[in-house]
Amino acid sequence: MARPAAGGGRWIDVVPERLDRWLAGFDHRHQVTLSEYRPDVVRFLGADRAVAECHPPFPPVPTRSSAGTAGGEGGLRPEPLVGHALTDRTVGVLLVRAGGHAVGVFTGTRLVASKVGSRLVHGRSAAGGWSQHRFARRREGQLREAHAAAAADAARVLVPRLDDLDAVVLGGDRRGLDVLRTDVRLRGVFALATDRVLAVPDPRHAVLAGTPDQFRAVRIRVVDNWVVDNRVVDPE
């Protein structure tokens, strides 16, 4: 599903298995005249000034330059990007929301280790006075217990496998993740974490099992008229 992009255009996510076909369709519609490779982004510029700006998972993307500098070639050159996206990796996943968490290790799309847990955490109360303060203290205590359980399961599942992990993907509530970030046992886990935080519902096992569709996908910003410094870029 396309989502509006800040600054113009729209975002779509394309899983690696469909990427080659998607790029071929973009080329058919817009006649790609330039493939521009940078370590963390790949741009395909069409003759009609349409651009597909691809943000690959787990950068950098290999380029033909041994120095890793930006490079561009005429026409569609999808192979380095597609090959990078299709590479099987060992990825840790840590999902945290109020009262729930899920931790897993994937090899490619296969979930090879996991732990899912939940704790009772009451919602916010609209009541006032002393009862509200008591309720807030009780809720804070419940959150501490939930975060402690999530940290313990993350340490149990991910820490012993740190040497095998290519990356760690985070998801859920940023505030909860920030609490876990302070746990000294998880320093190595967060050192491997990617920048993107996945948006997930209550992290049950089925939600955890479905995360490869998100963290393996190439995020593509499609812009009909590419503008840089208030100028429309002419790929010619």
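The structure this text deals with has already been given above.
Everything in this summary refers to the structure shown in the same document. (Residues numbered from 1 in each chain as written. Predicted model: local features only at pLDDT ≥ 70, side-chain atom pairs only at ≥ 80, totals over all residues. Heavy atoms only, no water.)

Among all positions in helix α2 (residues 79–86), only Leu81, Val82, His84 and Ala85 are buried. For α2, the angular spread of buried residues about the axis comes to 160°, placing them on one side. Looking at the buried positions of α2, the neighbouring elements they touch are α1 (16–30), β3 (32–37), β4 (42–46), β5 (51–55) and β12 (218–223). (Buried < 20%, exposed > 50% of the residue type's maximum accessible area, 1.4 Å probe, protein only. Helix = DSSP H or I, 4+ residues; strand = E, 2+ residues; numbered from the N terminus. Arc of directions from axis to C-beta. Contact = heavy atoms within 4.5 Å.)

Scanning the model with the defined rule gives four aromatic pairs in all. Aromatic side chains Trp22 and Phe26 sit 5.7 Å apart centroid to centroid with 15° between the ring planes, which places their arrangement in the stacked category. With Trp22 and Phe26 both in helix α1 and four residues apart, the pair spans about one turn of that helix. Just as Trp22 is buried, Phe26 falls in that class too. On the basis of an interplanar angle of 90° and a centroid distance of 6.4 Å, the ring pair of Tyr37 and Phe44 is categorised as edge-to-face. Summarising the burial analysis for this pair, Tyr37 and Phe44 share the class buried. (Phe/Tyr/Trp six-rings, centres within 6.5 Å; stacked < 30°, edge-to-face > 60°.)

Turning to the pairing of β4, a few remarks are in order. Judged by how many residues are buried, β4 sits mostly within the fold: five of five residues are covered. The side-chain alternation of β4 yields two buried faces, one formed by Val42, Phe44 and Gly46 and the other by Arg43 and Leu45. Sheet analysis places β3 next to β4, joined by five bridges and oriented antiparallel. Within β4, the position partnered with Leu34 by the bridge is Leu45. Where β3 hands over to β4, the hairpin turn is made up of four residues, counted between the paired strands. Between β4 and β5, which pair antiparallel one after the other, the connecting turn spans four residues, and Arg49 there sits at a positive phi close to 75°. (Pairing = 2+ DSSP bridges.)

Going through the model one piece at a time under the given rule, you end up with one cavity of 30 Å³ or more. Here the largest cavity is characterised by a volume of approximately 60 Å³. Phe58, Ala85, Thr87, Asp88, Arg89, Val91, Gly108, Phe215 and Arg216 are the residues that line the largest cavity. For the lining of the largest cavity, the class distribution of residues is four nonpolar, two polar and three charged. (1 Å grid on protein atoms, 1.4 Å probe; cavity = no way out; pocket = protein on both sides within 12 Å on 5 of 7 lines; lining within 4 Å. Points joined across faces, edges and corners; volume = space filled by probe spheres on them. Nonpolar A, V, L, I, M, F, W, Y, C, P; charged D, E, K, R; others polar.)

It is worth spelling out the sheet that holds strand β9 (residues 110–118) at this point. Read from one edge of the open sheet, five strands run β9-β8-β7-β10-β11, paired in mixed fashion. Every interior strand has two partners, whereas the edge strands, β9 and β11 (193–198), have only one. Ignoring which end each strand starts from, the neighbouring axes of this sheet average 15° apart. With eight bridges connecting them, strand β7 (residues 90–97) and strand β8 (residues 100–107) associate as antiparallel partners. The residue bridging Thr90 from the neighbouring strand is Thr107, located in β8. (Axes fitted to C-alpha atoms, helices over the stretch in contact; angles between N-to-C directions.)

Keep in mind that these numbers describe shape and distance, not what the molecule does.
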